[in-house]
Every structure is written in C-alpha cells, then in structure tokens.
Amino acid sequence: MQCVTSTAFGPAELLHRLRARTTGTAVSPVTHIERVPAREGRPAPWPSWTDPAVRDALVAQGIAAPWEHQVAAATLAREGTHVVLATGTASGKSLAYQLPALSTLATDPKATVLYLSPTKALAADQLRGLVRLGLDGVRPATYDGDTPREEREWIRQHSRFLLTNPDMLHHSLLPGHSRWGVFLRRLRYVVIDECHTYRGVFGSHVAHVLRRLRRAAARYGASPTFVLASATSGDPAGSASRLTGLPVTAVTDDASPRGAVTFALWEPPLLPTFEDSAEEAPPIRRSALRETADLLTDAVVAGTRTLAFVRSRRGAEVVAALTRQSLDEAVPGLGDRVAAYRAGYLREDRRAIERALLSGELLGLASTNALELGVDLAGLDAVLICGYPGTRASLWQQAGRAGRAGGEALAVLVARDDPLDTYLVHHPEAVFGRPVEATVLDPANPYVLGPQLCCAASEAPLTDADLALFGDAAAGIVQRLVAEGVLRRRPSGWYWIHRGRPEVDLRGTGGAPVAVVESSTGRLLGTVDPGSSHVMLHPGAVYLHQGVSFVVDDLDLEDAIALVHQEEPDWTTHARDVTDLSVVNVRSYVDAGPVGLFLGEVDVTNQVVSYQRRRIGSGQVIDTRPLDLPARELRTVAVWFTVSPQALVAAGVEPSEFPGALHAAEHAGIGLLPLIATCDRWDIGGLSTAGHADTEAPTVFVYDGHPGGAGFAERAYGTAAEWLRATREAIASCVCEAGCPSCVQSPKCGNGNNPLNKEDAVKVLDVVLGALPETC
Ligand SMILES: [Zn+2]
Ligand SMILES: [Zn+2]
C-alpha cells in the first residue's frame, strides 16, 4: 500500500491545477475565489457561577477555557433568559448548554434537564460526551424507540439528564406525562439542539409539541429555561421564538478559532449547441456530476485527499464511477483509490472506507451527506460540493470537512444547472456575507394546529389559558373541533372524547403516504407523500429507486399503493398538469400604485392530466399520453403580486407576451425562494396568468405546497423586495439567450416550460421592484 500523508500543494496551487483542464476556454469556470482567513479564538474566563466539579471535568477533557460566545449564551441561560446560540459548525455549542445545565444539576441535587435532538446519532454522541465527564448523580440517558422497556422505568425514576427527540416526546413522554411527573416538576432546562432542522410542516408540529411540553411542565409547577443551538441563519431569534413560543435572545458572535479556507465558486461551462436538435433546445451546461468527477480526477492525480459531496446516492455512485474510469485510463490501477460512500452502507464497510481515507490508501471519495452528521473525518486537503446543498448550514458543514490542523484547505462549490446555484456562484455575497435564509415554520397552520390541540386535550383538558399558549388561531379551531364532535366543552375545559389517543404524524398534514411496491416480489421500495404521488407515480411513470429504474403499472389512490415493475426504458416521463387557483382571503397587502403585493389564503385545484415521454439524452418528446386522475384540492397560503397592464406596456412588454413574461418570473421566483427561506423548490407551487378573476390583473402566485401552509409564502411576503431583486438578478445575469434551466426553466413545470419570455420577465420584475417600497 502506498501511503500519502500530505500533499505537496497548498489550496492556491491545487485550484490552479484544477483550472488547468479549462485553459483556453472563453469563460473561466471560476466565478469567485473567497479566502476565508484563519480566525484566532477568543477565550473567556469560566463564569464565576460554574460549579468547580463541572469545570474540573471539562478541563480534564482538554477544554482549558470556554470561548466568549459560549460564556455569553451560558450566562444568559443561567440567568433564566431563553437563548439561541447560532454559530458555525464545530464552534462548541454543546458547552454553552452543558455549563448552566450541569452546574445547576450539581448545586440542586433534584433538578432535571431535557435534551432534544433531531437524530438518534446526535443524541448518542452527546450522551458519550456527558458520560466521559464522569459527573456524579447526573445519570444521563438516551430515551428513544430503541430503549428497552426494562430500562425505561429506571430512566424515568433516576436519570436527571434525559436525551430524546421530538417524536418520542410526542408519542410517549407527553401522553404518559403522569408517569413523568417527578421529572417534569424538577425540569430546569430544555435544550433544543440543531433547532434549524425544525422547519416547514415538521417544524410547525414540533413547535406545538414544545408548547405541550411547556404546558405539562407548568402543570407540575415548572417553567424551564430553553437553550437552543442553531446553525448560522438569518433571524435566529425570530425562528427560535416561533419554535418555542417564547421570547428568545440570540448569541451570534462566533469566538471559536478556525483554519483558513480558500473557497472557489465554480460554474460548469456551456456545452456546444447542435443545429439539428429536434426541438429548439436551450443551451445546456455541462452537468455538475461530470464536472465534479473531472475535478475529483484531477485532485487525485495531484495526490490530494479529496472528498466530493453529491446530493443523491445515485449521483455519488456516478461521480465515483466516472472518476475511477478516467483515472484508470490515465494510470491503470489508480481508479482503485477512489470510492463511493453513502448512508445505506453497512457500518463495517463505512469504517473500512474511513480508515482507508485517513491512511491515504484512498485518495478520493464521493459521498452523500451521510458524512455530514456523526462521522469524524479530519485531514482532508479539499472538498468538492456538487450542487448547493440547500442551506448555508449544510454548505459550511460540508466545506468544514476540509482542512488539517493549522493547514489551509480548498473548498469548491460546483453549481448545478438551476436558478439558485447559478445565482449563488454569481453573487458570492449571498454565500459569504450576512445570511438571509431563515428557518421557516408556521405554527398557525390549521392542519397542524387542529391535530395538535387534540393531542393536548387528550393529555389534559384544554383551558382558556391554554389556548393563549397555542396562539391566536387556537380559539377558532377549538370551536371547529367541538362542532365536529372531536372535543367536548365541559365547565372545566375542552375534553378529547375518544378512547384512544389522536393519531398524529409530526411530518404530515393528513393523508397516508403512498407505498411503492414491486408487484413481482411484494417488496416495499419506498413511500411518496400524497401531494407528490400523482406527479411521480401516475401509471406509466418512470420511478427511480436507489439508481434502479421502475415503471408504474397501477396507482391505487384508495389504498395508497403504487405497483411497479423493474424496467430500464430509454425515456423519462414528465407529468403535465392544470392548476386553478382562487383567492379565499387577503391577510395582508401592500398597495404600491401599479403594483400590489398580497399574502393570503388560496384554494388550489390541481389535476395531472397527461404525461410526456422523452428520450434520454436528446430530450426529444416521443409522445404525450392522457391520464385519468382526479383533481386535488389544496387550501394553503400564497404570496402574489399584481401589475397593471398599462405599467407593463409602458415598460415595453407587449400584451401578447404577458403570459410568457409572468410565467418566466414565476419559475425564477420559485427557484430563488430557498435563498431566503429554508425550503426546497419542490415544497412550493406557482401559478401565473395575464388576467385572474380574483385579482383582475396580470398576476404571479407562489404558494406553499402543503395544506395550510408551511411559512414559505409568508417569508417571501416579508422579504419580497430582497427575494424579487435576487430573482431579477438571476434572470438578467444568465448568459443564455432565451431562457434555460439556470434561469427561467423549471424541472417541475406542468406546462412543459411554455410559454416563457426571459427578457420580458426582467421588465416585469423591474416594474414590481420600482414600485415596491424598499422595506417590503
Ligand atoms: Zn438562462
Ligand atoms: Zn411553469
């Protein structure tokens, strides 16, 4: 085995070598290089209130002194102020809650602490850290679905530091609160780790689980202090307040030390266009997968240990295979030094790969984000990030894998062909400047609030005072639940009248997920949420599962089952749908002369009516086949803007071009929304029209794709000027002529991306931005 312990190249030289392949091309793929300098840590003295035993235990673990941000957050918590610490990866957020929590446990021998994490792996990791401290009487324990029954009783009675997750709180601890009465009565701190992961519908549910927790604790006489840890984001205090329902103070000034990183933004070049293509094809960029494979190849040839993050499992396999192939062509056998890595691998396989990478036996690894959580891999020379991973938190977590102690590292973000990635590589300030993306959730969603109020009522009758806890919308919803015969009013409150507990899934807004089953074997391949099932699982649809292709034979909506068989056709399928939207009410609006901006409730009717089969490779349309699926109704929250036809004409948009201009603006707007809200473009829908019955004007609607809304449209409304300016920039700065996937084309368009007018979309947005006040 040949071991490589260090590379001869620093990040600048390595980047130079990666660029060598593109020497001579007209446009450099590197759109920006950011040198993130090393940062000296700013330590602070241990707070005077720190229990000596706790301090000694931490010092024994090698923590000579805390950092300033840890002390700031810990001191606020100690004083009883709810606090969120929003700092970078590996900035030591654990210490910020361990200090006040463990000090309190040491001085008050009865006090208890509840810790919530989104994953079992993280809770297990935290448990190991607490056990290592070896403090007397803390008795930390994880409590999750895997905890054996015989241990649960002991944990309830003796543990003073309980590590669990929101699902366990929801399904077990809160319904059985009477058995937890002693623990709850003594509850001093609630720690919510990685709180930015509680977003959208799931986050809205968790917000109410936390309100139920606060109510249960109050019943037993406790009002714990909440300490939250978050990745850096826009408005961490606001998000934490929404999540807990409490005023929360944010600490964001990161005082931990950091190694220097050279961060390059990389846009794959446009492919040459062919004159004879069947349809008028837009220019296409080289795929991010291919580009990443080439960069990984060059990095391995240069002898640098490099990790490539790829969003999908299949993508990671493809990058590894392409890289191995080109390495073997260059030097037979060199391909063996590259591997793929994903979450589904067995533990032994994963450990073997990690060891091989650390020893230098492996030089290149293509991985899904399985490495993001819980695996310790240090000493990499470079990280390639194939496609923006969706949030800045993930981006920095992945980039943070590069760098050895004291050394410099290289990180490269390779843009995919979509509006957000394209925007980011041309707007480095959105990557490296002040974050604007906020963790978004909407506890007022009636489809979340209703079921959660039922849960609360089944735990203890709801009182008038309780309703305030659950928010302004709660009173109205309780009335509805009474009318529906789910709750009953008695003098002492509202009662849940059924025998069993309400069945509430924290990740859903009603409707069973559709099971995808292979007919020949009966094997369950996966599930698809009901909202996407018509698009993804219509009869004839090609469904990909872990890189294997299946074709849907039958979609049984009644039983929520799709039957599929394995088949590798040489076409892909694209559902076409028709959408109708009506405005139910307007919650808020801005009247800006020729432009109106609105937030409100809408009813969306969507019907998947046909699908196209397109040849793999050329994208040529083979045929369009009709489908017989029922229309679906969705009541949700939308943001929309209207523009007067006169203003559009004055800006140079011909009336015949209204539909294409608005449609293009809608697509790009949806593509850019994840910049300001932690959502996926698949969480959102849109509709544009040159004239709408309810608005009587050219209108673009963007709505939450979940019943009742998830907070995305609301965030878009609240930051409309910023969002639409980014949208305008994304379209205007795209080098394509008439629209491409990087700007105004959408992979999920139900109209086959027709009509689209890129140039006029910019004019529409200029009119809107010119009229809207800056403060929108
Ligand atoms: Zn374009
Ligand atoms: Zn469309």
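Rules used in this analysis
Residues numbered from 1 in each chain as written. Chains lettered and ligands numbered in written order. Predicted model: local features only at pLDDT ≥ 70, side-chain atom pairs only at ≥ 80, totals over all residues. Heavy atoms only, no water. UniProt positions renumbered as here; feature names shortened; annotations may be inferred. Helix = DSSP H or I, 4+ residues; strand = E, 2+ residues; numbered from the N terminus. Donors = N, O, S within 2.8 Å, 3.2 Å for Na, K, Ca; no water. Tetrahedral: all angles 85-135°; square planar, octahedral: opposite > 155°, others 65-115°. Buried < 20%, exposed > 50% of the residue type's maximum accessible area, 1.4 Å probe, protein only. Contact = heavy atoms within 4.5 Å. Polar contact = N/O pair within 3.5 Å; in protein donor to acceptor, adjacent residues only side chain to side chain. Pairing = 2+ DSSP bridges. Axes fitted to C-alpha atoms, helices over the stretch in contact; angles between N-to-C directions. Parallel < 35°, antiparallel > 145°, perpendicular 65-115°, else oblique. Left-handed = near helix turned anticlockwise from the far one by under 90°. Nonpolar A, V, L, I, M, F, W, Y, C, P; charged D, E, K, R; others polar. Salt bridge = Lys/Arg side-chain N within 4 Å of Asp/Glu carboxyl O. Lys, Arg positive; Asp, Glu negative; His and termini not counted.

Going by the annotation in an unreviewed UniProt entry, the name recorded for the protein is DEAD/DEAH box helicase, with Actinoplanes flavus given as the source organism.

Undergrad: Looking at this structure, how should I read the UniProt feature "domain: Helicase ATP-binding" (unreviewed entry) in the protein?
TA: Taking the numbering used here, the UniProt-annotated feature "domain: Helicase ATP-binding" (unreviewed entry) corresponds to residues 74-251. Secondary structure content for residues 74-251 is 48% helix and 17% strand, and the end C-alpha separation is 10 Å.

Undergrad: Sorry, what's going on with the coordination of the zinc ion (ligand 1) here?
TA: Taken together, Cys734 (SG), Cys736 (SG), Cys740 (SG) and Cys743 (SG) make up the full set of protein donors to the zinc ion (ligand 1), lying 2.2 to 2.4 Å away. Considering all four donor atoms around the zinc ion (ligand 1), the spread of angles at the metal, 100 to 117°, places the coordination shape in the tetrahedral class. In terms of primary sequence, the donors binding the zinc ion (ligand 1) are separated according to C-x1-C-x3-C-x2-C. According to the relative accessible area criterion, cysteine 736 is buried, its value standing at 8%. Residue cysteine 743 is classed as buried on the basis of its relative accessible area, which comes to 1%.

Undergrad: I tried to follow helix H7 (residues 166-173) on my own but got confused; where do I start?
TA: Each full turn of the α-helix corresponds to 3.6 residues, which orients residues three or four apart in the same direction. Counting buried positions along H7 yields six of eight residues, so the element is predominantly enclosed. Residues of H7 that are buried include every one of Pro166, Met168, Leu169, His170, Ser172 and Leu173, and no others. On its buried side, H7 packs onto strand E3 (112-116), helix H6 (149-158), strand E5 (161-164), helix H9 (200-219) and helix H17 (446-459). With a side-chain oxygen lying 3.2 Å from the backbone nitrogen of aspartate 167, the N-terminal cap of H7 falls on asparagine 165.

Undergrad: What is the right way to look at the side chain of threonine 573 in this model?
TA: Tracing the backbone through its elements, the reader meets threonine 573 in strand E22 (residues 571-592). Engagement of the side chain of threonine 573 in a polar contact is seen with the backbone nitrogen of valine 542, the distance being 3.0 Å. Dropping the residues within four chain positions of it, threonine 573 is found in contact with His538, Gly540, Ala541, Val542, Tyr611, Gln612 and Arg613.

Undergrad: How should the sheet that holds strand E11 (residues 338-341) be read in this particular structure?
TA: Ordered by their spatial adjacency, seven strands build an open sheet running E1-E9-E14-E13-E10-E12-E11, and the pairing between neighbours is mixed. Taken across any chain shown, the strands that pair with only one partner, and hence form the sheet edges, are strand E1 (30-36) and E11. Each adjacent strand pair in this sheet contributes to an overall mean axis angle of 15°, direction not counted. Pairing geometry for strand E10 (residues 306-310) and strand E12 (residues 364-367), over four bridges, is parallel. Each bridged residue has a counterpart across the sheet, and for phenylalanine 309 the counterpart in E12 is serine 367. The strands touched by helix H14 (residues 392-399) are E1, strand E9 (261-266), E10, strand E13 (382-386) and strand E14 (409-414); relative to E13, the strand with the most contacts, the crossing angle is about 150°.

Undergrad: Which parts of the structure should I look at to understand the coordination of the zinc ion (ligand 2)?
TA: The reference angle at a metal is 109.5 degrees if four donors form a tetrahedron and 90 or 180 degrees if six donors form an octahedron. On the protein side, the zinc ion (ligand 2) has His663 (NE2), His667 (NE2) and Cys749 (SG) as donor atoms, found 2.0 to 2.3 Å from it. Mapped onto the polypeptide sequence, the residues donating to the zinc ion (ligand 2) form the spacing pattern H-x3-H-x81-C. Taken as a pair, histidine 663 and histidine 667 lie in helix H22 (residues 658-672) at a separation of four residues, close to a single helical turn. Like histidine 663, the residue histidine 667 is buried in the burial classification.

Undergrad: Sorry if this is basic, but what is going on with the pairing of strand E15 (residues 487-490) here?
TA: Two faces, one strand: in a regular strand the side chains alternate between the faces of the sheet. As judged from the four bridges shared by E15 and strand E16 (residues 493-496), these two strands associate in the antiparallel manner. Paired with arginine 489 across the bridge in E16 is tryptophan 494.

Undergrad: For this particular structure, what's the right way to read the packing of helix H11 (residues 288-301) against helix H12 (residues 313-330)?
TA: To describe two helices that pack against each other, one gives the angle between their axes and the distance between the axes. Closest axis-to-axis distance for the H11/H12 pair is 8 Å, and the angle between their directions is 45°. When the interaxial angle is binned, H11 and H12 end up oblique. By crossing handedness, the relation of H11 to H12 is classed as right-handed. Side by side, H11 and H12 meet where Leu289, Arg290, Thr292, Ala293, Leu296, Thr297, Val300 and Val301 of the first sit next to Gly315, Val318, Val319, Leu322, Thr323, Ser326 and Leu327 of the second. Residues that form the contact of H11 with H12 fall into these classes: nine nonpolar, five polar and one charged.

Undergrad: Just checking my understanding: could you explain the pattern of salt bridges for this structure?
TA: Applying the stated criterion across every chain yields a total of 31 salt bridges. Between arginine 507 and aspartate 167 there is a salt bridge, and its shortest N-O distance comes to 2.8 Å. Of this pair, arginine 507 sits in the loop between E16 and strand E17 (514-518) while aspartate 167 sits in helix H7, and the two are 340 residues apart along the sequence. Residue class for arginine 507 comes out partly exposed when judged on its relative accessible area of 47%.

Undergrad: Honestly, the packing of H9 against H17 in this entry has me stumped. Any pointers?
TA: Contact pair H9 / H17: the axes reach a minimum separation of 10 Å and the direction vectors enclose 25°. Taken together, the axis directions place H9 and H17 in an arrangement best described as roughly parallel. The handedness of the crossing between H9 and H17 is right-handed. Of H17, the residues touching H9 (which contributes Val201, Ser204, His205, His208, Val209, Arg212 and Arg215) are Val448, Leu449, Gln452, Cys455, Ala456, Ala457 and Glu459. Grouping the amino acids of the contact of H9 with H17 by side-chain chemistry returns seven nonpolar, four polar and three charged.

Undergrad: It is not clear to me how the side chain of aspartate 704 should be interpreted in this structure. Could you clarify?
TA: Relative to the elements of secondary structure, aspartate 704 occurs in strand E27 (residues 699-704). For the buried residue aspartate 704, which engages in no salt bridge, the nearest side chain bearing the opposite charge is arginine 587, 7.9 Å off. Residue contacts for aspartate 704: discarding those within four places in its chain leaves Leu634, Thr636, Val637, Asp683, Gly709, Ala710, Gly711, Phe712 and Ala713.

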